[in-house]
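# Examination of the molecular architecture
Listed below, chain by chain, are the residues.
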Amino acid sequence: MAVKDRFNHYLTQLQKGLQEVYSKIKGGSTYKATPPSYPYFYMKQIDGSSALETLSGTEEGINMGLEIHFYSKTSQSDVRSIALKAKEIMRKNGFRCTYFQGVDNIGDTSVYRWIARFEQLEV
């Protein structure tokens, strides 16, 4: 049995869930040095290592790791609220949060940033 690539599923679930609360939020999986609009999130896969390998050499699972960057021009509190909502959505999808922190945006101090990392075993 092959492991399904569910990255796009999680990206879509996150975007829909966030837009229920933050109707103007945009997001994607393509990095942009300057987000096209605010609020914004960027999601990328950071782990996909093998898990549950069989004796015949097939892969029955992967360690799925996702990193999400959140951006807002309103306030640090606003970007944290967006990240907290995302954390709730990701936990409902079976993920465990392994990192959740605000970060300085050295390139443009008028933009507030937050980073969250999630992982789960995908079978």
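Before reading on, note that the structure itself is shown above.
Residues numbered from 1 in each chain as written. Predicted model: local features only at pLDDT ≥ 70, side-chain atom pairs only at ≥ 80, totals over all residues. Heavy atoms only, no water.

## Here we look at the pattern of salt bridges
Pairs can form between side chains of opposite charge whenever their charged atoms are close. One pass over the full model with this rule turns up six salt bridges. With a shortest N-O distance of 3.5 Å, Glu88 and Lys92 are connected by a salt bridge. Of this pair, Glu88 and Lys92 both sit in helix α2 (residues 76–92), four residues apart, roughly one helical turn. Residue classification places Glu88 among the partly exposed residues on the basis of a relative accessible area of 36%. Judged by relative accessible area, Lys92 falls into the exposed class, the value being 68%. (Salt bridge = Lys/Arg side-chain N within 4 Å of Asp/Glu carboxyl O. Helix = DSSP H or I, 4+ residues; strand = E, 2+ residues; numbered from the N terminus. Buried < 20%, exposed > 50% of the residue type's maximum accessible area, 1.4 Å probe, protein only.)

## Some words on the packing of helix α1 (residues 7–21) against α2
Where α1 contacts α2, the axes come no closer than 10 Å and their chain directions differ by 130 degrees. By the angle between their axes, α1 is oblique relative to α2. Here the hand of the crossing between α1 and α2 comes out right-handed. Between α1 and α2, the contacting residues are Gln13, Leu14, Gly17, Leu18 and Val21 on the first element and Ile82, Lys85, Ala86, Ile89 and Met90 on the second. For the contact of α1 with α2, a count of residues per class yields seven nonpolar, two polar and one charged. (Axes fitted to C-alpha atoms, helices over the stretch in contact; angles between N-to-C directions. Parallel < 35°, antiparallel > 145°, perpendicular 65-115°, else oblique. Left-handed = near helix turned anticlockwise from the far one by under 90°. Contact = heavy atoms within 4.5 Å. Nonpolar A, V, L, I, M, F, W, Y, C, P; charged D, E, K, R; others polar.)

## Remarks on the nonpolar core
Leu14, Leu18, Phe41, Met43, Leu66, Ile68 and Phe70 are the most contacted members of the largest nonpolar core, which has 25 residues in total. Going through the elements one at a time, α1, β2 (40–53), β3 (59–72), α2, β4 (96–103) and β5 (112–122) are the ones with two or more residues in this core. Top element by residues in this core is α2. It accounts for six residues. Those residues in contact with Ile68 that sit more than four places away from it in its chain are Leu14, Phe41, Tyr42, Met43, Met90, Trp114, Ile115, Ala116 and Phe118. (Core = buried A, V, L, I, M, F, W, Y, C linked by side-chain atoms within 4.5 Å.)

## Focus on the packing of aromatic side chains
All chains considered together, the criterion is met by four aromatic pairs. Here Tyr10 and Phe95 contribute two aromatic rings whose centre-to-centre distance is 4.8 Å and whose plane-to-plane angle is 85 degrees, an arrangement assigned as edge-to-face. With Tyr10 in helix α1 and Phe95 in the loop between α2 and β4, the pair connects residues that are 85 residues apart, well separated along the chain. Given the relative accessible area of 3%, Tyr10 is considered buried. Between Tyr40 and Tyr71, the aromatic rings sit 6.2 Å apart at their centres with planes inclined by 45 degrees, giving tilted as the arrangement. With Tyr40 in strand β2 and Tyr71 in strand β3, this residue pair connects regions lying 31 residues apart in the sequence. Comparing Tyr40 with Tyr71, the two get one shared label, buried. Positioned above the aromatic ring of Phe100 is the side chain of Lys87, whose terminal nitrogen or guanidinium carbon lies 4.7 Å from the ring centre. A cation over an aromatic ring shows up here: Arg117 above the ring of Tyr99, its NZ or CZ 4.4 Å from the ring centre. (Phe/Tyr/Trp six-rings, centres within 6.5 Å; stacked < 30°, edge-to-face > 60°. Lys NZ or Arg CZ within 6 Å of the ring centre and 35° of its normal.)

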